[in-house]
Each structure stands twice: as C-alpha cells, then as structure tokens.
Amino acid sequence: MRRATILLTGAQGQLGFELARLLLPYGDVIATDRATLDLSDPDAPPGTGPADDPVGLVLRAMSVALDEARAAEVHGDVPIGAVIVRDGEIIARRHNERE
C-alpha cells in the first residue's frame, strides 16, 4: 500500500504546527505556509500536492473549510473549519462545535 501524501496549509499557525506533527504517522506531510504556497497570488507557480492541479485542489478544499467555519460561526462557535483530502477528493469535512 502506498503511503499517503498530506498537503497541510497554515503550517506556521498553532493548529497547523500541531497537525503537521500529529499527521506524520498517516503519511508524508507537506507543510506549507504563505511563503511557500501563496494562494492569494494568481501568478505564483503551483505548489506541491497530491493532485494534477494542486493549487486548484487546495482552493476547492479551502472553500469547503471556509464554509464549515461559517457554519460554526452561525452557532456562536469559534469559526474553525477543516477538510481532509485523499487522492484529490474531499473525504471529510467538519467545523468547530461546542460539546
């Protein structure tokens, strides 16, 4: 079985830093930050990722994560959204929820 490649954005943030460490047993983690993968610059060269169109994949995943964060905010929670992408497809999505 081939080892998964995990593209993690926001690696310099507190959550990104912890996720990079925790995801190591599950695959090869490519932890990026704005300096290495600037999604706000349309002229920037594509980053490294598991799909043929890594920037497009990240943009789609980030859009879904933002939708999830908005859902948390509607309920008065801290607006945090997350997605898991495997082989170029979003396989899980969640947002912050109070217990």
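Owing to the predicted nature of the structure, the values given are computational and were not obtained by experimental measurement. (Residues numbered from 1 in each chain as written. Predicted model: local features only at pLDDT ≥ 70, side-chain atom pairs only at ≥ 80, totals over all residues. Heavy atoms only, no water.)

How should a nonpolar patch on the surface be read in this particular structure?
Taken together, the side chains of Leu15, Leu19, Val78 and Ile80 make up a nonpolar region of the molecular surface, amounting to roughly 340 Å² of accessible area. Tracing the chain through its elements places Val78 in the loop between helix 2 (54-74) and strand 3 (81-86). (Patch = residues over 30% accessible without salt bridge, like charges linked within 9 Å, V, L, I, M, F, W, Y side chains within 5 Å. Areas by Shrake-Rupley, 256 points an atom, 1.4 Å probe, with all protein chains shown as cover. Salt bridge = Lys/Arg side-chain N within 4 Å of Asp/Glu carboxyl O. Helix = DSSP H or I, 4+ residues; strand = E, 2+ residues; numbered from the N terminus.)

Help me understand the environment of Glu89, please; the structure alone is not making it clear to me.
Turning to its location among the elements, Glu89 is positioned in strand 4 (residues 89-95). On the accessibility criterion, Glu89 (56% relative accessible area) is exposed. As a C-alpha pair, Glu89 and Arg60 span 29 residues in sequence and 9.7 Å in three-dimensional space. (Buried < 20%, exposed > 50% of the residue type's maximum accessible area, 1.4 Å probe, protein only.)

For this particular structure, what's the right way to read the pattern of salt bridges?
A side chain with one charge may pair with a side chain of the opposite charge, provided their charged atoms come close. Under the counting rule described, the total for this entry stands at four salt bridges. In this structure, Glu68 and Arg93 form a salt bridge, with 2.6 Å as the shortest nitrogen-oxygen distance. Note that Glu68 is positioned in helix 2 and Arg93 in strand 4, a separation of 25 residues in sequence. Using a relative accessible area of 9% as the deciding quantity, one classes Glu68 as buried. Linking Glu97 and Arg94 is a salt bridge whose minimum nitrogen-to-oxygen distance equals 3.2 Å. Residue Arg94 is classed as exposed on the basis of its relative accessible area, which comes to 54%.

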